[in-house]
Amino acid sequence: MVCLRCDGLMRREVFIDFAGSDGSFEGWRCLVCGEIVDPEIYRHRLMQSSLRDRQAEVFSRKTATKSRDLVRLSA
Ligand SMILES: [Zn+2]
């Protein structure tokens, strides 16, 4: 697994959650930056990043369409 923050290698570990009712949880720790994520956080971040990618793609398509229109009007 790759860290979404720094693209570093992540290792699966068991963490103790003193504040939670479960007591412990499995997650990943980045060996480069120390980021800790559990499966739920990771799934949420993946959805957010894929949504951002789709929004950027739509925005770039709209921008490209507009620039083509500008070229046609000025020609
Ligand atoms: Zn990292």
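Bear in mind that the values here come from a model prediction, so they are computed numbers and not experimental data. (Residues numbered from 1 in each chain as written. Predicted model: local features only at pLDDT ≥ 70, side-chain atom pairs only at ≥ 80, totals over all residues.)

**Student:** How do you make sense of the environment of Leu-4 when you look at a structure like this?
**Tutor:** Within the element layout of this structure, Leu-4 appears in the segment before β1 (10-16). Spatially, the C-alpha atoms of Leu-4 and Glu-35 are 9.1 Å apart, while their sequence positions differ by 31 residues. Those residues in contact with Leu-4, other than ones at most four positions away along the chain, are Arg-45 and Ser-49. (Helix = DSSP H or I, 4+ residues; strand = E, 2+ residues; numbered from the N terminus. Contact = placed C-beta atoms within 7 Å.)

**Student:** Would you mind showing me how to read the sheet that holds β1 here?
**Tutor:** Within a sheet, adjacent strands bond to each other through the backbone by hydrogen bonds, running parallel or antiparallel. One open sheet holds the three strands; their spatial order is β1-β2-β3, and the pairing between them is antiparallel. Every other strand in the sheet has two partners, leaving β1 and β3 (36-37) as the edge strands with one partner each. By the bridge criterion, seven bridges tie β1 to strand β2 (residues 24-30) in an arrangement that is antiparallel. Considered in β2, the bridge of Arg-11 is made with Arg-29. (Pairing = 2+ DSSP bridges.)

**Student:** Could you clarify how one ought to interpret the pairing of β2 in this entry?
**Tutor:** As a general feature of sheets, a regular strand has side chains that alternate between the two faces. Summarising the sheet, β2 and β3 pair through two bridges and their orientation is antiparallel. The residue of β3 that forms the bridge with Trp-28 is Val-37. If you look at the hairpin formed by β2 and β3, you'll find five residues sitting between the two strands, and Gly-34 has a positive phi there, around 85 degrees.

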